[in-house]
Amino acid sequence: MKLIITIISNKDIERVLEALSRAGIFATKISTTGQFLEGGHSCIFIGIEKEKTEDVFTLLKKNVTKRIVRRHGVNSTLAGTLLTQPVDVEEYGGTAFVIDVEDFRKF
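Below is a summary of the structure that appears in this document. (Residues numbered from 1 in each chain as written. Predicted model: local features only at pLDDT ≥ 70, side-chain atom pairs only at ≥ 80, totals over all residues. Heavy atoms only, no water.)

This brings us to the pattern of salt bridges. Under the criterion given, the structure shown has four salt bridges. Residues Lys-2 and Asp-100 are paired through a salt bridge, measuring 2.1 Å at the closest nitrogen-oxygen approach. Here the residue Lys-2 occupies a position in strand β1 (residues 2-9), and Asp-100 occupies one in strand β6 (residues 94-100), the gap between them amounting to 98 residues. Note on Lys-2: relative accessible area 15%, which makes it buried. (Salt bridge = Lys/Arg side-chain N within 4 Å of Asp/Glu carboxyl O. Helix = DSSP H or I, 4+ residues; strand = E, 2+ residues; numbered from the N terminus. Buried < 20%, exposed > 50% of the residue type's maximum accessible area, 1.4 Å probe, protein only.)

Bringing the layout of surface pockets into the picture now. By volume, the largest pocket amounts to about 270 Å³. Along its surface, the largest pocket is lined by 15 residues, and Met-1, Phe-26, Gly-47, Ile-48 and Phe-104 are the ones closest to its centre. With four residues, the single largest contributor to the lining of the largest pocket is strand β3 (residues 41-48). Taken as a whole, the second largest pocket spans an internal volume of roughly 230 Å³. Forming the walls of the second largest pocket are 13 residues, and the residues nearest its centre are Leu-60, Lys-61, Val-64, Gly-94 and Thr-95. For the lining of the second largest pocket, the secondary-structure elements that each account for two or more residues are β1, α2 (53-63) and β6. Considering only residue class, the lining of the second largest pocket consists of six nonpolar, five polar and two charged. (1 Å grid on protein atoms, 1.4 Å probe; cavity = no way out; pocket = protein on both sides within 12 Å on 5 of 7 lines; lining within 4 Å. Points joined across faces, edges and corners; volume = space filled by probe spheres on them. Nonpolar A, V, L, I, M, F, W, Y, C, P; charged D, E, K, R; others polar.)

The antiparallel open sheet is built from four strands, whose spatial order is β2-β3-β1-β6. Each edge of the open sheet carries a strand with a single partner, namely β2 (27-32) and β6. Geometrically, the sheet is characterised by an average inter-axis angle of 20° between neighbouring strands, direction not taken into account. Sheet topology places β2 next to β3; six bridges connect them, and they run antiparallel. Note that in β3 the partner of Lys-29 across the bridge is Ile-44. Packing of helix α1 (residues 13-22) onto the sheet brings it into contact with β1, β2 and β3, and relative to β3 it is tilted by some 15°. (Pairing = 2+ DSSP bridges. Axes fitted to C-alpha atoms, helices over the stretch in contact; angles between N-to-C directions. Contact = heavy atoms within 4.5 Å.)

The angle between the axes and the distance between the axes are what describe a pair of packed helices. Relative to each other, α1 and α2 sit at 145°, their axes nearing to 9 Å. In this structure, α1 meets α2 at a crossing whose hand is right-handed. Touching Arg-15, Val-16, Ala-19 and Leu-20 of α1 are Leu-59, Leu-60 and Asn-63, all from α2. (Left-handed = near helix turned anticlockwise from the far one by under 90°.)

The next point concerns the nonpolar core. Soluble globular proteins tend to bury their nonpolar side chains together. One finds Leu-20, Ile-44, Ile-46 and Val-56 to be the most contacted residues of the largest nonpolar core, which totals 14 residues. Looking at this core, the elements that each hand over two or more residues are β1, α1, β3 and α2. Each residue touching Ile-44, except ones within four places of it in the same chain, is listed here: Ile-4, Ile-5, Thr-6, Ile-8, Ile-13, Val-16, Leu-17, Leu-20, Ala-27, Thr-28 and Lys-29. (Core = buried A, V, L, I, M, F, W, Y, C linked by side-chain atoms within 4.5 Å.)

In structure tokens, the structure reads:
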């Protein structure tokens, strides 16, 4: 058994949850805060059999979108610097961690 912990952009979260549900994969969404993705994100916990892990990743990849976002540069004390100019940055729509589950029980 595996536990897949995903951090998904809120721009994609509903599409991902609907796809998981259609595939019969149970998941738990937890609203989170942090600096990982601009515009907000949520964590999804997915408990799945080891053999189905790649199926989950295929589904996630189909329903999460990479984006180009405009970010402001870093602040600088140098007069006339271009560091504060906005730049386009590629933002991934999600990240996942896979953890081995030693025991799993429903009650």
